2 protein chains.
Amino acid sequence: MTTINLFDTTLRDGTQGEGISLTAEDKLKIALKLDALGVHYIEGGNPGSNSKDIEFFRRARELNLSAKLTAFGSTRRKNSVCEQDANLRHLIESGARAATLVGKTWDFHVHTALQTTLEENLAMIGESLAFVKRHGMEAIFDAEHFFDGYKANPEYAVAALLKAKEAGADWIVLCDTNGGTLPNEIGEIVSEVALKVQANIGIHAHNDSELAVANTLAAVAAGAKQVQGTINGYGERCGNANLVSILPNLQLKMGYECVSAEQLAMLTSVARYVGEIANVHLPVNQPYVGNAAFAHKGGIHVSAILKDSKTYEHIAPELVGNKQRVLVSELAGQSNIVSKAQELGLDLGANANSRVVIDRIKELEHQGYQFEGADASLELLLRDASGDTVEMFAVESFKIMCEKSTAGMLSEAIVRIRVEDRLVYTVAEGNGPVNALDNALRKALVQFYPGIADIHLSDYKVRVLDEKDATAAKVRVLIESSNFKDTWSTVGVSSNVIEASWEALVDSIRYALLGMARSELSPDASTDSVGLVNH
Amino acid sequence: MTTINLFDTTLRDGTQGEGISLTAEDKLKIALKLDALGVHYIEGGNPGSNSKDIEFFRRARELNLSAKLTAFGSTRRKNSVCEQDANLRHLIESGARAATLVGKTWDFHVHTALQTTLEENLAMIGESLAFVKRHGMEAIFDAEHFFDGYKANPEYAVAALLKAKEAGADWIVLCDTNGGTLPNEIGEIVSEVALKVQANIGIHAHNDSELAVANTLAAVAAGAKQVQGTINGYGERCGNANLVSILPNLQLKMGYECVSAEQLAMLTSVARYVGEIANVHLPVNQPYVGNAAFAHKGGIHVSAILKDSKTYEHIAPELVGNKQRVLVSELAGQSNIVSKAQELGLDLGANANSRVVIDRIKELEHQGYQFEGADASLELLLRDASGDTVEMFAVESFKIMCEKSTAGMLSEAIVRIRVEDRLVYTVAEGNGPVNALDNALRKALVQFYPGIADIHLSDYKVRVLDEKDATAAKVRVLIESSNFKDTWSTVGVSSNVIEASWEALVDSIRYALLGMARSELSPDASTDSVGLVNH
């Protein structure tokens, strides 16, 4: 099997994405995960552009990564010499084993952006690559805008690559910097270039046409041996090619070898971990690793997958560390609920209890509950029905007050709850009524369950169910909660948004507390993830 | 130029997406937008599966769409006759001009999921298509799992298509139902099938391998003339092929004709509108239409695009109705605001006032306001700035209390407002805090402005703007209000959901009152619609 090199640039190009900002500490954590996944190159940053990246490279030396740590920079400035180029000096001083140098191959860019001559640009490429090679680094030439350049002036674009090769570049990476090229064009151009240049070719695609993954695969089919991309496709504008989709496509569908089967099975957890660190919500529908990637909603689909998963799944989800989920919704039938219970190890089997639970869920859905986005509420319902839960606390009453005056806005909540035989009565402020309730409830519970401090609410959505009379209509509140590792969702429905929020809030905390309670019974479980369904 | 037919299934397959739930009213609104965009087929739902879809088809007849409205269903049940098949009867009674019938073409599915014989499945296909043709509908055959089926048993898969063709199918749509097929396979199989079947071929792709857009383009290059997909790629698991990326790729890059240039320029607003209705946050990095799709962050990139946008943009963003963003600021283009003011007959012209309004709007957008879905709030802002409004009432303070006890849930609101020189102090109950506020505000105002009794709130949506800390984060509330004829939308933003709701509520009522005030001055205007923007 042919090996394809994975080149990850989450820590460099990924941070150009809107809303993505990583500290040196974040980058070190992500580098360790990428290394465990089996990525071959980890581009850590641009040491010539900021001190944070210099710090990262300094501290990364202690990580003993198997992957080659790579530093990014530009070819030298026009009309200068490499020895005096601060950017190139930072590269060779970074301690990274490899250097990626980006250079121009599109004549239009040489004239318009660089504002220099075609000859000087070639000299910049050749001298800069020779410089990093002389300093003992592996050298990777990033041929910026290569495909646009090749379409405009193929002779010049190829001349730039040959210059890089002549200077000792170990890899020639063809970049579709603006993301506008189509897969068939990529395939043709890579084939032609592979013949003309006879070097190790890589591909660096962007997703502006929603084709970055396809473009990367087309380049590999045409002879590229290195694929550059980022975890979850983070990157400028529409993002870089998503390695999280490229890797399983190459390995499971095209027969290339990239990482071991055990490493591939880490894919889902790595994608979610990087999302957590970057503080970006992972789309539920993200291919391979999203929470809904193997979720089945339609009743016909569900009854078919119960017969054979292959009927509606393109791969076995376990191969990438994901799992099948059956969504319970108005569109689905009874078979969904039974299989959901099986998934949780609960026996709703053939007893009368099963009928009662199913009727209860149908009744709730009729009232406007939606469990497909609220797995944790559904699990609580099923566990309650199976006698698999204990009462952690009981709510006696709550009250909120919000007052707007010239002094501003004030929100307070009072809750009265009972934990075993003790009555707890607390008051708290908040940024709004739901935040105040959340604060008051935690304040009441934290003395009994200190682990509650690790949980935070990560999303809050309100939807009106019946539009005919909006502020008097029923609303559905969906709350997503997270601790450091896991995420779970709960639902509440009421004509009162406060009551619906409260219901979802209480479910969220009950779910977490029950998970913790189970973990205490299980001596080998760690304290930060235990018992919570990872979904 | 070859024309490619756009077949939109947002209203059917799109609603299989996790968290996507549309009312009949939502579907009607989306259908109108799709029609304006120039989509050729609008698949509205499955009238055999639920009454909501029957209602949609009944009401959609009054929309006078240019697009062909299409109803979805399955081939008849095994061992039965079409005339007694409730699902097929619902199709022909739906009033839709075209019917999409999904049928099996993968022998494995016939055996495992349908559990019938290969012969009976062919009979089901042929008889069902002939049945809808006999009832005067255009017939579209959705060949489920066609690519998997063709790989497993090409003779049988093709036999199924020929059966459909023989029965009179107008289109044969090849479905990659599980989303696992690669673009090169799609291209090869579509070419072979086009030769063997000689029919109008369509393509229906899913995004499980992050290749749905590429697969669709590969099918078109191989001869497909119809592309099926959804707005923003909504759909089961990882979603359907994203029409919002496919359309500009076909039209701007591959030279096919789908819609007019004016319609293509609506793409961004249609994508965002559908996202709003579905209450799904549009990813900032969504190709072509995302807020960051043409945003430039890197310093080198920014200096290059200031020299020539083409340096880092694959197309001119205006072609798809998007815009370049250079700075971090959110901003609506100044020209939009000026042209909006002109539309309202307000002169923001070349005076200093214009600069002040634009800065104010930019500042509000930066805080999280979004005026795209809140025309009435934007109009108020512009009219206030032009001195075109009078103060109808002033809010001094308000207070809400919600209490949950064994007696149930009670919500009360107290408002203090001033109308001219009179202080009005009212209290009201409601089904929730916002409803109580709404009731108290109306109670205070109705004695001065009796017309307010005709207005009701028709939608209420809440969205968290910053996911980092959900219940303490900023929220944006969008309120839609209606009287008998018109609908208008307003927005409020605050870290307190009550304050944000109040802001949108006050805007809604001010907007209505100002409209009414104008109508009293205008003798030929009727009292129920005047001055309200119908959108």
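Residues numbered from 1 in each chain as written. Chains lettered and ligands numbered in written order. Predicted model: local features only at pLDDT ≥ 70, side-chain atom pairs only at ≥ 80, totals over all residues.

## Here's the deal with the sheet that holds strand S14 (residues 487–494) of chain B
The cut-off we apply is this: Paired strands, as defined in this entry, are two strands with at least two bridges between them according to DSSP. Numbering goes from the N terminus for both helices and strands, where a helix is a DSSP run of H or I of at least four residues and a strand is a run of E of at least two. Here an axis means a line fitted to C-alpha atoms, over the contact stretch when the element is a helix, while the angle between two N-to-C directions is reported on a 0 to 180 degree scale.
The strand order across the open sheet formed by six strands is S16(A)-S15(A)-S14(A)-S12(B)-S13(B)-S14(B), and the pairing between neighbours is antiparallel. If you trace the sheet from one side to the other, it starts and ends with strand S16 (487–494) of chain A together with S14 of chain B, each paired once. The mean angle between the axes of side-by-side strands here comes to 15°, regardless of whether they run parallel or antiparallel. Note that strand S15 (residues 475–482) of chain A and S16 of chain A share eight bridges and pair antiparallel. Bridged to Ile-479 of chain A within S16 of chain A is Thr-490 of chain A.

## Looking at the domain arrangement of chain A
Quick note on the threshold: Annotation comment: domain bounds sourced from an automatic or database domain assignment.
Annotation of chain A at the domain level lists domain 1 (5–259), domain 2 (295–385) and domain 3 (394–521). Centre-to-centre, using C-alpha coordinates, domain 1 of chain A lies 47 Å away from domain 3 of chain A.

## Some points on the pairing of strand S7 (residues 201–205) of chain B
Residues and elements named next belong to chain B. The criterion, for reference: To sort residues by exposure, count the other C-beta atoms lying within 10 Å of each residue's C-beta; 20 or more gives buried, 12 or fewer gives exposed, and values between give partly exposed, all with C-beta atoms placed from the backbone. Whether a crossover is right-handed depends on one test, that the path from the first strand over the helix to the second runs clockwise when the strands point away from the viewer.
By the criterion of burial, S7 is predominantly enclosed, with five of the five residues buried. Alternating residues of S7 divide into Ile-201, Ile-203 and Ala-205 and Gly-202 and His-204, and every residue in both groups is buried. Direction of pairing for strand S6 (residues 171–176) relative to S7: parallel, over a ladder of five bridges. If you follow Cys-175 over to S7, its bridge partner there is His-204. As for the winding sense of the linkage, the β-α-β connection from S6 through helix H8 (residues 183–197) to S7 is right-handed. Bridge count for S7 against strand S8 (residues 226–229) is three bridges, and the pairing is parallel. Bridging from a neighbouring strand, Ile-203 pairs with Val-227 of S8. Assessed by its sense of winding, the connection that carries the chain from S7 through helix H9 (residues 212–221) to S8 is right-handed.

## A short note on the nonpolar core
Where we set the bar: Residues of type Ala, Val, Leu, Ile, Met, Phe, Trp, Tyr and Cys that are buried and joined through C-beta atoms within 7 Å form what is called a nonpolar core. Once C-beta atoms have been placed from the backbone, residue pairs whose C-beta atoms lie within 7 Å are recorded as contacts.
By size, the foremost hydrophobic cluster in this structure holds 198 residues, and its most contacted members are Ala-99, Phe-141 and Leu-174 of chain A together with Ala-99, Phe-141, Leu-174 and Leu-247 of chain B. Setting aside chain neighbours within four positions, we find Leu-174 of chain B in contact with Ala-143, Phe-146, Phe-147, Val-190, Val-193, Ile-201, Gly-202, Ile-203 and His-204 of chain B. Counting 99 residues, the second largest nonpolar core, distinct from the first, contains Leu-378, Ile-417 and Leu-505 of chain A together with Val-497 of chain B.

## As for the environment of Tyr-425 of chain B
Residues and elements named next belong to chain B. By secondary structure assignment, the location of Tyr-425 is in strand S11 (residues 422–430). Residue class for Tyr-425 comes out exposed when judged on the 12 C-beta atoms lying within 10 Å of it. It is 48 Å that separates the C-alpha atoms of Tyr-425 and Thr-10, two residues lying 415 residues apart in sequence.

## Considerations on the sheet that holds strand S1 (residues 5–8) of chain A
Residue and element names in this part refer to chain A. Strand order around the closed barrel formed by eight strands is S1-S2-S3-S4-S5-S6-S7-S8, with parallel pairing between neighbours. Neighbour-to-neighbour, the strand axes of this sheet turn through a mean angle of 25°, independent of strand direction. Here S1 pairs with strand S8 (residues 226–229) via four bridges, running parallel. Pairing of Asp-8 across the sheet is with Gly-229, part of S8. Across the sheet, helix H8 (residues 183–197) touches strand S6 (171–176) and strand S7 (201–205), and the angle it forms with S6 is around 155°. In this fold helix H9 (residues 212–221) packs onto S6, S7 and S8, with an angle of close to 170° to the strand it touches most, S7.

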